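# An overview of the molecular structure
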Amino acid sequence: MTEHEKQSTDRRDQEPEETQKVTDEDPTRRDAAQDDGGQAGTAGEAGAAAEAAIPELVIISGMSGAGRSTAAKCLEDLGWFVVDNLPPALIPTMVELGARSQGNVARIAVVVDVRGRRFFDNLRESLADLDTRGVTRRIVFLESSDEALVRRFESVRRPHPLQGDGRIVDGIAAERELLRELRGDADLVIDTSSLNVHELRAKMDAQFAGEEEPELRATVMSFGYKYGLPVDADLVVDCRFLPNPHWVPELRPFTGLNEEVSGYVFNQPGAKEFLDRYAELLQLIATGYRREGKRYVTIAVGCTGGKHRSVAMSEKLAARLAAEGVETVVVHRDMGRE
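Note on numbering: residues in each chain are counted from 1, in written sequence order. Residues qualify for local features only when their pLDDT is at least 70, as the model is predicted, and side-chain atom pairs are given and counted only at 80 or more; totals for whole chains, interfaces and linings, by contrast, use all residues. Values reported for side chains reflect all heavy atoms of the structure, with hydrogen atoms and water molecules removed beforehand.

Runs of E in the DSSP output that reach at least two residues are strands. Runs of H or I that reach at least four are helices, and both are numbered from the N terminus. Among the structural elements, T70 can be located in helix α2 (residues 68-77). Whether two residues are in contact is decided by their heavy atoms, any of which lying within 4.5 Å being enough. With sequence-adjacent residues up to four places away left out, T70 is seen in contact with V197, L200 and R201.

Structure (structure tokens):
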């Protein structure tokens with residue numbers, strides 16, 4: 001046997017032993033891999049569970065004309081994802097989509113009523129499905145007297161969805177019968193017979209806003225009178241009583257965002273006092289707006305061209321509102337138009 005053949009034979013003799021060593025090590029490696037895989041699987045399941053957190057659900061129903069739309073808008077202003085006139089069979093699907101949103105849709109409100117016609121018959125089955133899935137749900141039922149409902153339908157000159165060829169009272173009676181069982185299952189029944197929209201909003205806020213006071217969002221908009229009043233202004237402030245920086249040659253090219261222009265405006269007699277007094281007035285107004293359920297306010301601050309005085313005043317006023325906890329956006333409508 002040659003030396004080369006002898007070395008080959010020796011290697012073959014050693015191979016089973018080396019193979020055995022590898023085989024002996026494999027179970028440990030497999031166990032470790034299984035442990036790692038199990039841990040990864042557990043972590044993955046936890047992550048999936050976090051991502052699939054079931055959103056809170058409110059179902060708004062009740063008599064036509066009793067204020068369902070107002071209740072829905074109130075929840076929308078409080079940050080709920082609102083779906084109007086959704087067929088009841090699709091409610092579980094809506095909840096599932098919310099669970100997949102990774103927390104972006106944590107609260108869903110669905111308006112369900114007799115407008116769904118035959119689809120409304122599926123509501124009981126959908127509620128049972130939600131209970132099986134462990135979904136936290138509440139039913140808000142809007143009620144009102146026949147007299148109040150008739151008066152509301154007559155004021156808007158629209159027929160009741162169920163009256164057909166009959167009278168409004170016939171449609172109301174038919175709807176009451178259809179909703180009788182749902183009303184009995186409701187978690188919250190609100191009688192709106194003697195409530196206006198602001199009072200209904202207050203009741204919804206009391207139930208769903210928690211301890212936090214409803215937010216007020218303000219838009220402070222500078223504008224130029226020569227371009228017209230903003231059509232969406234709730235309050236209008238006129239700064240034309242202050243000297244115009246336009247007539248100061250070194251300030252004319254700049255805007256109210258410039259520190260020198262702003263300094264010039266607020267160094268004029270009455271400018272700082274006006275800012276202080278109007279900011280105090282806005283605190284009073286904001287409190288009343290919150291109490292009446294108003295969520296948005298646009299404050300228009302005007303001067304001749306919307307470039308100097310109104311811009312400087314808008315910036316200072318917005319800063320005061322923000323310091324008071326009002327979510328504020330500043331818009332300079334006409335700056336740059338000259």
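There is more to say after this.
Think of it in three bands: residues with accessible area under 20% of the maximum for their type are buried, residues over 50% are exposed, and the middle band is partly exposed, with areas taken using a 1.4 Å probe on protein chains only. In terms of burial, strand β3 (residues 107-111) is a largely internal element, four of the five residues being buried. DSSP calls a pair of strands paired once it identifies at least 2 bridges connecting them. As defined by bridge partners, strand β1 (residues 56-62) adjoins β3 across five bridges and the pair is classed as parallel. The residue of β3 that forms the bridge with I59 is V110. Examined bridge by bridge, strand β2 (residues 81-84) and β3 share four bridges and lie parallel to one another.

Before going further, it helps to spend a moment on the nonpolar core. Only buried residues count toward a nonpolar core, which is a set of Ala, Val, Leu, Ile, Met, Phe, Trp, Tyr and Cys residues joined through side-chain atoms within 4.5 Å. If you look at the biggest cluster of nonpolar residues, it comprises 46 residues, and the most contacted ones within it are L57, L75, I91, M204 and F208. Excluding residues that lie within four positions of it along the chain, I91 makes contacts with L57, I59, L86, V110, V112, L123 and L130.

All right, on to helix α3 (residues 91-99) then. Within the span of α3, buried status applies to I91, P92, M94, V95, G98 and A99. For α3, the buried positions fall inside an angular range of 160° around the axis, keeping them on one side. This arc describes the spread of directions from the helix axis toward the C-beta atoms.

The salt bridge criterion pairs a side-chain nitrogen of Lys or Arg with a carboxyl oxygen of Asp or Glu, the two atoms within 4 Å. Tallying each qualifying case throughout the model produces 21 salt bridges. For R240, the salt bridge identified is with D238, shortest N-O distance 3.0 Å. Classification of R240 as partly exposed rests on a relative accessible area of 40%. On the accessibility criterion, D238 (31% relative accessible area) is partly exposed. Linking D276 and R320 is a salt bridge whose minimum nitrogen-to-oxygen distance equals 2.7 Å. Of this pair, D276 sits in helix α9 (residues 271-291) while R320 is found in helix α10 (residues 309-323), placing the two residues 44 residues apart along the sequence. Residue classification places D276 among the partly exposed residues on the basis of a relative accessible area of 34%.

Our next topic: the sheet that holds strand β8 (residues 296-303). Overall, parallel pairing links the four strands, which are arranged β7-β8-β6-β9 in an open sheet. For this open sheet the edge positions go to β7 (235-238) and β9 (327-332), each flanked by a neighbour on one side alone. Averaged over neighbouring strand pairs, the angle between their axes works out to 20° when direction is ignored. Taken together, the four bridges between β7 and β8 define a ladder with parallel strand orientation. By the bridge assignment for β8, D238 is matched with G302. Along the sheet face, α9 touches β7 and β8 and points at about 175° away from the line of β7. All axes here are fitted lines through C-alpha atoms, helices being fitted over the stretch that makes contact, and every angle between N-to-C directions spans 0 to 180 degrees.

Moving on to the sheet that holds β1. Pairing in this open sheet of five strands is parallel, and the strands run β2-β3-β1-β4-β5 from one edge to the other. Looking at the sheet topology across the chains shown, the edges are occupied by β2 and β5 (188-191). Strand-to-strand twist across the sheet, computed as the mean angle between neighbouring axes with direction ignored, equals 20°. For strand β4 (residues 137-143) and β5, the ladder comprises four bridges, and the chain directions are parallel. Within β5, the residue paired with E143 across the bridge is D191.

This brings us to the packing of α9 against α10. Following both chains from N to C, one finds α9 and α10 inclined at 40°, their axes separated by 10 Å at the closest point. As the angle between them shows, α9 and α10 are arranged oblique. α10 is crossed by α9, and the crossing has right-handed handedness. Counting all contacts with α9, which are made through A271, F274, L275, D276, Y278, A279 and L282, the residues of α10 involved are M313, K316, L317, R320 and L321. Under this scheme an angle from 65 to 115 degrees is roughly perpendicular, one under 35 degrees roughly parallel, and one over 145 degrees roughly antiparallel; angles in between are oblique. Less than a right angle of anticlockwise turn of the near helix away from the far helix marks a crossing as left-handed, whereas a clockwise turn marks it as right-handed.

Take the state of the cysteines next. The criterion for a disulfide is a pair of cysteine sulfur atoms lying within 2.5 Å. Following the criterion strictly, the structure yields zero disulfides and no others. Cysteine C239 shares no disulfide, and the gap to the nearest cysteine sulfur, in C303, comes to 6.8 Å.

Moving on: unusual backbone geometry. Within the chain, N85 stands out as a residue other than glycine whose phi angle is a positive 55°. By the secondary structure assignment, N85 is in the loop between β2 and α3. Despite not being glycine, R157 shows a phi value in the positive range, around 55°. You can see R157 is positioned in the loop between α5 (146-156) and α6 (168-185). Judged by its relative accessible area of 79%, R157 is exposed.

In short, shape yes, function no, at least from these values alone.
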